[in-house]
Every structure is written in C-alpha cells, then in structure tokens.
Amino acid sequence: MTNFDQVRTSELPTGKVELALSPEHLLNTPLSDLLAELDVTLDESSITDPSFTGAAVVTRDRVILSMRPGQPDYERDAVARALLGHVLDVPLSPLPEPYRTSEV
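Quick look at the overall build of the protein
Consideration 1: Within the protein, the regular secondary structure consists of three helices and five strands.
Consideration 2: Ordered by position in the sequence, the α and β elements of the protein form the string β-β-α-α-β-β-β-α.
Consideration 3: For the protein, the proportion of its 104 residues judged to be buried stands at 38%.
Consideration 4: Nonlocal contacts in the protein, meaning residues at least 24 apart in sequence, comprise 45% of its contacts between residues at least 6 apart.
Consideration 5: When the accessible surface of the protein is totalled, it reaches about 6,400 Å², and 50% of it is carbon and sulfur.

This is the structure in structure tokens:
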C-alpha cells in the first residue's frame, strides 16, 4: 500500500467537519459535490494577476477557496483539489511546475 492509497481521518481546521478522505475521493469526486460535502465555499478573487491561481482561506468557522476570475476550468479544478488536500492533510503528489503551494 502506498501513501496515496491510505484513507486519513481529516478535520478541517475550523473543527466543523471530520471525515475519512482518501486521495481517490478528493481527486475523483466532482468538484461541486466535494465542496458541498466539505461545506467549503469557492469565491472569485479580486486578484486578476495570471500568476495567482488560488488561495485557501481558513477562518475560525469556515474554509473559503479564492480563485482568479477567468481561470481555465482545468486549472481551477486542479488547484482547488490541491488546496483542499493541503488543508485536510491528504497525501497528494505535488502540482507540476510552475505551480507552488505556500502558507502565509
């Protein structure tokens, strides 16, 4: 069994949701269903710079994904899943260059 086959019990930093989330579920569930299941909001960012692909904002009671307006659907989908994986500590392969995740 590889790390990517493991199911982890994850809790959103808000403490609101506890679930068993496998990489397969995170990557294969339609994004709209995944966001609803996790009670995560996806909003348009005011940042229009093409080098900005998205951010996960974790507050005391919710998680918000903020994505660039006009972003291609494939990029939005991949970045949203990568950000959720990071927030929920789900083991995923890193995104290809030029994408990077960082914490602020």
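A word on the pattern of salt bridges
Consideration 1: The tally for this structure, following the rule as stated, stands at three salt bridges.
Consideration 2: Put simply, arginine 76 and glutamate 44 hold a salt bridge, and the shortest N to O gap is 2.9 Å. Remark: glutamate 44 occurs in strand S3 (residues 40–44) and arginine 76 occurs in helix H3 (residues 73–88); sequence separation between them is 32 residues.
Consideration 3: With its nearest N and O atoms 2.8 Å apart, the salt bridge here joins arginine 81 to aspartate 77. Here the residue arginine 81 and the residue aspartate 77 both occupy positions in helix H3, the gap between them amounting to four residues, near one helical turn.
Consideration 4: Assessed through its relative accessible area of 26%, aspartate 77 is described here as partly exposed.

A short note on the sheet that holds strand S4 (residues 55–58)
Consideration 1: Pairing within the open sheet is mixed, and its three strands lie in the order S3-S5-S4. One side of each edge strand has no neighbouring strand; the edge strands of this open sheet are S3 and S4. Direction aside, the axes of adjacent strands within the sheet are offset by 25° on average.
Consideration 2: Relative to strand S5 (residues 63–67), S4 runs antiparallel, the two being bridged by four bridges.

Calculation criteria
- Residues numbered from 1 in each chain as written.
- Predicted model: local features only at pLDDT ≥ 70, side-chain atom pairs only at ≥ 80, totals over all residues.
- Heavy atoms only, no water.
- Helix = DSSP H or I, 4+ residues; strand = E, 2+ residues; numbered from the N terminus.
- Buried < 20%, exposed > 50% of the residue type's maximum accessible area, 1.4 Å probe, protein only.
- Contact = heavy atoms within 4.5 Å.
- Areas by Shrake-Rupley, 256 points an atom, 1.4 Å probe, with all protein chains shown as cover.
- Salt bridge = Lys/Arg side-chain N within 4 Å of Asp/Glu carboxyl O.
- Pairing = 2+ DSSP bridges.
- Axes fitted to C-alpha atoms, helices over the stretch in contact; angles between N-to-C directions.

Keep in mind that these numbers describe shape and distance, not what the molecule does.
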